Amino acid sequence: MKTAFITGANKGIGFETARQLLQQGYRVFLGSRDRKRGIEAVEKLISEGFSNAEFIQIDVTDTESVERARASLGEKTDILDVLINNSGINGIEFDGDKPLMHTATETDVTKFREVFEVNVFGVVNVTQAFLDLLKRSDEPRIVNVSSSQGSLTLHSDPDFIHYRHKGVVYQSSKAALNMYTLVLAYELRDLPFKVNAVSPGSTKTDFNHQLGQGSVEDAARRIIKYATIGSDGPTGKFFSEDMNPETGEIPW
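Analysis parameters
- Residues numbered from 1 in each chain as written.
- Predicted model: local features only at pLDDT ≥ 70, side-chain atom pairs only at ≥ 80, totals over all residues.
- Heavy atoms only, no water.
- Helix = DSSP H or I, 4+ residues; strand = E, 2+ residues; numbered from the N terminus.
- Polar contact = N/O pair within 3.5 Å; in protein donor to acceptor, adjacent residues only side chain to side chain.
- Contact = heavy atoms within 4.5 Å.
- Salt bridge = Lys/Arg side-chain N within 4 Å of Asp/Glu carboxyl O.
- Pairing = 2+ DSSP bridges.
- Axes fitted to C-alpha atoms, helices over the stretch in contact; angles between N-to-C directions.
- Buried < 20%, exposed > 50% of the residue type's maximum accessible area, 1.4 Å probe, protein only.

K.L.:
What exactly am I supposed to notice about the side chain of Asn144 here?
P.N.:
Within the secondary structure, Asn144 sits in strand β7 (residues 141-145). Of the polar contacts made by the side chain of Asn144, one reaches the side chain of Thr181; its length is 2.9 Å. Among all residues touching Asn144, those that are not within four sequence positions of it are Asn85, Val123, Leu177, Tyr180, Thr181, Asn196, Ala197 and Val198.

Put into structure tokens, the structure is as follows:
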């Protein structure tokens, strides 16, 4: 039985991704910073008949917490086949349903640090900590959940549908995450790893005050596609089915 670990899996896209991987026969470890919510998420899945769901407490911004999570997972399995770095924040405040976008000229650097701690440094923390377990897999897969909002090429194009919607903090963090993904894939190119960045698309979740359009089911399916690709699949690529329905691949 293959194993998967998903950060930020107690709700939203992460939770649905766990559910769909369980449906495919995976043993899934749900990572959550909040113990109560993580346990409740696992209990919900077990009540649906998925006995191979387990909870791992983890705060991706806390190195000691990440190390404890790695030790805890190591007590349960010797091999990790799939790592999905799903934890993320946008740092945006809302005025009712209106997001107050961050600007490059006025947003305090502390907001950048807050978002980068989760979206970038957290991914580095987790990936490095769990890499040894992934290397024991015959077909290790890493999916970094990104966003088409992190594409420099698209945001340089005035014809891009989101060209006039530039939230500098979140978009910068995803651009940085994309570069980490690209370099990670390059460094692991001689091993059977597949490492990709995947945008689940605009999805209706708490992350965006339910302002997204897509479903968590579709978002999870897009992530799982690259978490379960075969040995002939791509690595070091950036995918967004919203932006490219034909092949999924979009420019960095």
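What follows continues from the structure just given.
K.L.:
How do you make sense of the pattern of salt bridges when you look at a structure like this?
P.N.:
Side-chain pairing between opposite charges can occur once the charged atoms of the two side chains come close. Scanning the model with the defined rule gives 15 salt bridges in all. Close ionic contact of Lys237 with Glu249 constitutes a salt bridge, the shortest N to O distance being 3.6 Å. Of this pair, Lys237 sits in the loop between α7 (216-227) and β9 (238-240) while Glu249 sits in the segment after β9, and the two are 12 residues apart along the sequence. A cluster of three or more residues bridged by salt bridges with shared partners is formed by Asp218, Arg221, Arg222, Lys225, Glu241 and Asp242.

K.L.:
Got a minute to help me understand the sheet that holds strand β3 (residues 53-57) in this structure?
P.N.:
Taking strand neighbours across the sheet as the criterion, the 7 strands line up as β3-β2-β1-β4-β7-β8-β9 in an open arrangement whose pairing is parallel. Single-partner strands in this sheet number two, and they are β3 and β9. Recorded for the sheet is a direction-independent mean angle of 20° between the axes of neighbouring strands. Both strand β1 (residues 3-6) and strand β4 (residues 82-85) contribute to a ladder of 3 bridges, which runs parallel. For Ile6, the partnering residue across the bridge sits in β4 and is Ile84. In this fold helix α2 (residues 35-47) packs onto β2 (27-32) and β3, with an angle of close to 175° to the strand it touches most, β3. The strands that α7 touches are β4, β7, β8 (194-199) and β9; relative to β7, the one it contacts most, it runs at about 150°.

K.L.:
Explain the pairing of β8 to me, please; I cannot follow it from the model alone.
P.N.:
Each regular strand carries side chains that alternate between the two faces of the sheet. Within β8, 6 of the 6 residues are buried, which leaves it mostly tucked inside the rest of the structure. Side-chain alternation along β8 places Lys194, Asn196 and Val198 on one buried face and Val195, Ala197 and Ser199 on a second face that is also buried. One ladder, built from 5 bridges, connects β7 with β8; its direction is parallel. Bridge pairing in β8 places Val143 opposite Asn196. Sheet topology places β8 next to β9; 3 bridges connect them, and they run parallel.

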